[in-house]
Structure formats: C-alpha cells, structure tokens
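Spelled out, the chains give:
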Amino acid sequence: MSHLDTLPAGLRQAQPLLWHNPTLRPAADALAACAYGRADIEAAIARWQRFAPLLARLFPDSVAADGRIDSPLLPQTDTCGQPLWVKADHALPITACIKARGGVYEVLCHAEELALAAGLLPPGSSYTVLAGAPARALFARHRILVGSTGNLGYSVGVMARALGLGVEVHMSHDAKEWKKQRLRALGAGVVEHQGDYALAVAAARDSAASDEHAYFIDDESSLLLFFGYAAAAWDLAPQLAAAGLRPTPEQPLRVYLPCGVGGAPGGVAFGLKCLFGDAVQCVLVEPVASPCFLLRLASGDDALSVYDIGLDNRTVADGLAVPRASATVAGIVGPLIDAVVTVSDASLLAELRHQWRQHGLRLEPSAAAGFVAHQLAAAQWPGAATPVVWTTGGNGLPDEVFLPLLAE
Ligand SMILES: Cc1ncc(COP(=O)(O)O)c(C=O)c1O
C-alpha cells in the first residue's frame, strides 16, 4: 500500500473535511518520548520576562506597562447559541498576529546574544540597555533575513527595526501589497518573489548564507520560534481559570488553530498539551488548497507537498498558503494533534463578514478558520468539548484592505 492510500477521501478534491489523527497518543506518553518539554517552554517564558521592560519602552502605545505580549480570551456564542471562547491573537500588541509570539521572540533572542557577546549586558542589567545608543550602534552592523507569506516577515521586521537591526524579508507571491508597503515604511528591505512560500524561505536562507553579519530566521525549522509560540499556553491558563473553565479529559477544551507551515499552531499545541495533557484537544485548521500538515501526518512523508496530490496551494488565506509542512514541527507534535479540519475560501470570507458584523472582530481570512472548523466539528465529532477558537491575525488590516473583503 502506498502512503498516499492513507489520505482521507476528498482531500485531493479540495473538499472540506474533518480528519482524526490515527497517530495521536496519550499526551503523557507522547511527551515522555519527546526530546523537549516544559523546561524548554519555561526557559522561553523567563526570557520573555527579561525582555518585558524593553518591549514596554520600545512600544509604549501598543504594549502595556508590564511588557507582556498577550491577547484577551473573549466569550462568544456559536451559531447554535452554544458557548465558545475566542483567544484573540488578531489583536496581539505590536503586530496584531500570532506570528509575533515567535517572530518578535526570536529577534529578541538574537539581539540578546549579540549584546552578550559584545559585553553590553553585564549580569543584573536591565534589558532596556538594548534600546540605548551603544546597542543600536552594534545592531546597525547586523541584519536579519526571513522568508514569509507576510505576517512573520512583518513581526520580524517591526521588532528588528525597533532595535536598529537591518532586516530583509523575502515575500512569496501570496504576500499582500499592504504588508510589503508597511515593511518598507519601517526601513526593511522587501524582496518579492513570484514563487510560493517555500521558495521565499529558501531564497532568504541562501541570501543569509553568504553574509557573516546575517542571521536567518527559519520559519520551517526554528525551535526558538516554536518555543516562543508555545509560551502562549501559559498565557491562556490563568485566563481559563478566571473564566471558570477547568478542562478535564471528559470535558476537554477543543482548541482550533489555523495552520500554515505548522510552527505557530504546533508550538501552541505543544504548550497546551504540556500544561493540560488530554484535557485539551488540538485541532489544526488548513485551507482546502493547502492542507500540508494533514498531508504530512497522514502520509508520514516529510517530502510530500500539496502539489504532489494535485492541489494548487492558492487560497485567500495568505498566511496559510504553505505547500509543505515543517518536518521539525511535525516530528515533535505529530502524536499530539487530535485532528485536522480543512476549510474552503468561501467559508472563510463568510465567517470573516459574520465576525465583523455580529461581534466586531476585524479578522483576516486565515484568522476566521477556527470558527468554520468548529461548525464542521460540532456536526461531525460527538462528545462534550469546550471550543476555543484562536484568531490569529487581522486587527492591523487597513480599511482599504478590510472593507473590500466584506464586500466580496
Ligand atoms: C494569520 C495567520 N494565522 C496562522 C498562521 C499559521 O502559522 P504557521 O505558518 O506557523 O503554521 C499564519 C502564518 O503566517 C498567519 O499569518
């Protein structure tokens, strides 16, 4: 039997579907067999805390005085009137998208390394020195490269430019013009590619390889990005408690995470399973044209892309337009993902309009994916579960981009 015979019916035909992961394992078993764990996430949280005063200093209009980058947990009801919770990363400080949790974090980690090596961070010093003139002079001699469909590039670009680091963002053809303009306005270099996300990442990697002052942020395999995202679970935990939600394996949280290459949703899922074990179900959500993570989990083949099964990777959900899943992330979280749902572009746009009109949420198409997935899962997946929809981007959409989406 070929590994393609294990693909669910309808996947190649770009039909919306709910797929249960046959390689799911009890969280405790999967985590015990994993090379990474809570300690890695706790180290990332400690690092975030060190950076907090710097973030509050650099982004006083966007980041609260405590310097934390987090979003609220909002109550909502679904179309059947049942309770549903929204983890509102579309309104995350600084860049209004989930990729900030990884992208901002990895830029800060790199800045910390440069400053430590240059003797600019003696033990006990406040990280606000990274905003001072000596640090800026150091950072001006270095640059960061990244490949992106838009939001990672923006998150990296904003943070890098705020520190005075040079930055070059390689954008896939999916990247929206306004995201490129916003980056250029910050002084970032934007390299436009006619190819897809995988090509943009490869081009950034190549460009960085020939420059000893360049640092490449690898969306396909960076563990710093991964643990930056994973720390989000620790942000959610007290919000759940404050809302009176105590998930159990009998009444689990069912968390819907929009998925591109898999880093952001995989990282968050890893953090959630570390904290809540089997009291949380992690559901990745992908466009019907770009189900790369489902393909990877169902086939076990790191090399397969959605093109290999006849799909075109064209979707209105630009942040999720990725042909091949991260092998690194799939290798870590494969046994921790409960299910994957695929959704159509039309349903994303309809949901985007609904969320704006009924609830006042300004979402980009990718970020509406969790709501659509919940509707499908509520109909096809029996069992008590409390839905949490992770909205991953959109609050920064300018009117001239957002209003036409409402009209489409
Ligand atoms: C809005 C939005 N949601 C979700 C994702 C998915 O993140 P990842 O590509 O790490 O899976 C992205 C990626 O860019 C995004 O822009």
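If you look the protein up in an unreviewed UniProt entry, it shows as Probable D-serine dehydratase from Vogesella facilis. Its UniProt record gives the protein a comment under Catalytic activity (unreviewed entry), which states: "D-serine = pyruvate + NH4(+)". Under the heading Cofactor (unreviewed entry), UniProt records this for the protein: "pyridoxal 5'-phosphate".

Caption draft 1: The domain arrangement of the protein, seen in detail. Parsing the protein into structural domains produces domain 1 (16–96 + 225–407) and domain 2 (99–221). Each of domain 1 and domain 2 was reduced to a C-alpha centroid, and the two centroids are 23 Å apart. Of the residues lining the interface, 41 residues belong to domain 1; the matching set on domain 2 comes to 40 residues. Here domain 1 meets domain 2 over a buried area of about 3,500 Å², counting both sides, of which 63% is carbon and sulfur. Counting across the interface, domain 1 meets domain 2 through seven salt bridges. The partner of D70 in a salt bridge is R101, and the shortest N-O contact between them spans 2.9 Å. Where domain 1 packs against domain 2, one counts 14 residue pairs in polar contact (both at pLDDT 80 or more). Elements with a minimum of two residues in the side of domain 1 that touches domain 2: α2 (38–58), α8 (223–230) and α9 (232–242). It is α2 that provides the largest number of residues to the side of domain 1 that touches domain 2, a total of ten residues. For the side of domain 1 that touches domain 2, the residue count by class is 23 nonpolar, eight polar and ten charged.

Caption draft 2: Focus on the UniProt feature "modified residue: N6-(pyridoxal phosphate)lysine" (unreviewed entry) in the protein. In the numbering adopted here, UniProt assigns the feature "modified residue: N6-(pyridoxal phosphate)lysine" (unreviewed entry) to K99. Considering the arrangement of structural elements, one finds K99 in helix α3 (residues 99–117). Residue K99 is classed as buried on the basis of its relative accessible area, which comes to 14%.

Caption draft 3: Geometry of the UniProt feature "domain: Tryptophan synthase beta chain-like PALP" (unreviewed entry) in the protein. The UniProt record marks residues 76–392 with the feature "domain: Tryptophan synthase beta chain-like PALP" (unreviewed entry), using the residue numbering of this structure. As annotated, residues 76–392 comprises 43% helix and 17% strand, and the C-alpha atoms at either end are separated by 16 Å.

Caption draft 4: Main features of the environment of T392. Within the element layout of this structure, T392 appears in the loop between β11 (386–391) and α15 (399–407). What makes T392 buried here is its relative accessible area of 9%. C-alpha separation for the pair T392 and H90, spaced 302 residues apart in sequence, amounts to 4.7 Å. T392 has contacts with D89, H90, A96, C97, I98, P258, S366 and A367, leaving out every residue within four places of it along the chain.

Caption draft 5: Representation of the sheet that holds strand β10 (residues 339–343) within the structure. What the seven strands build is an open sheet, ordered β1-β10-β9-β8-β11-β3-β2; its pairing is mixed. The open sheet has two edge strands with one neighbour each: β1 (17–20) and β2 (73–77). Averaged over neighbouring strand pairs, the angle between their axes works out to 25° when direction is ignored.

Parameters at a glance
Residues numbered from 1 in each chain as written. Predicted model: local features only at pLDDT ≥ 70, side-chain atom pairs only at ≥ 80, totals over all residues. Heavy atoms only, no water. UniProt positions renumbered as here; feature names shortened; annotations may be inferred. Domains from an automatic or database assignment. Contact = heavy atoms within 4.5 Å. Buried area = accessible area lost by both parts, 1.4 Å probe. Salt bridge = Lys/Arg side-chain N within 4 Å of Asp/Glu carboxyl O. Polar contact = N/O pair within 3.5 Å; in protein donor to acceptor, adjacent residues only side chain to side chain. Helix = DSSP H or I, 4+ residues; strand = E, 2+ residues; numbered from the N terminus. Nonpolar A, V, L, I, M, F, W, Y, C, P; charged D, E, K, R; others polar. Buried < 20%, exposed > 50% of the residue type's maximum accessible area, 1.4 Å probe, protein only. Pairing = 2+ DSSP bridges. Axes fitted to C-alpha atoms, helices over the stretch in contact; angles between N-to-C directions.

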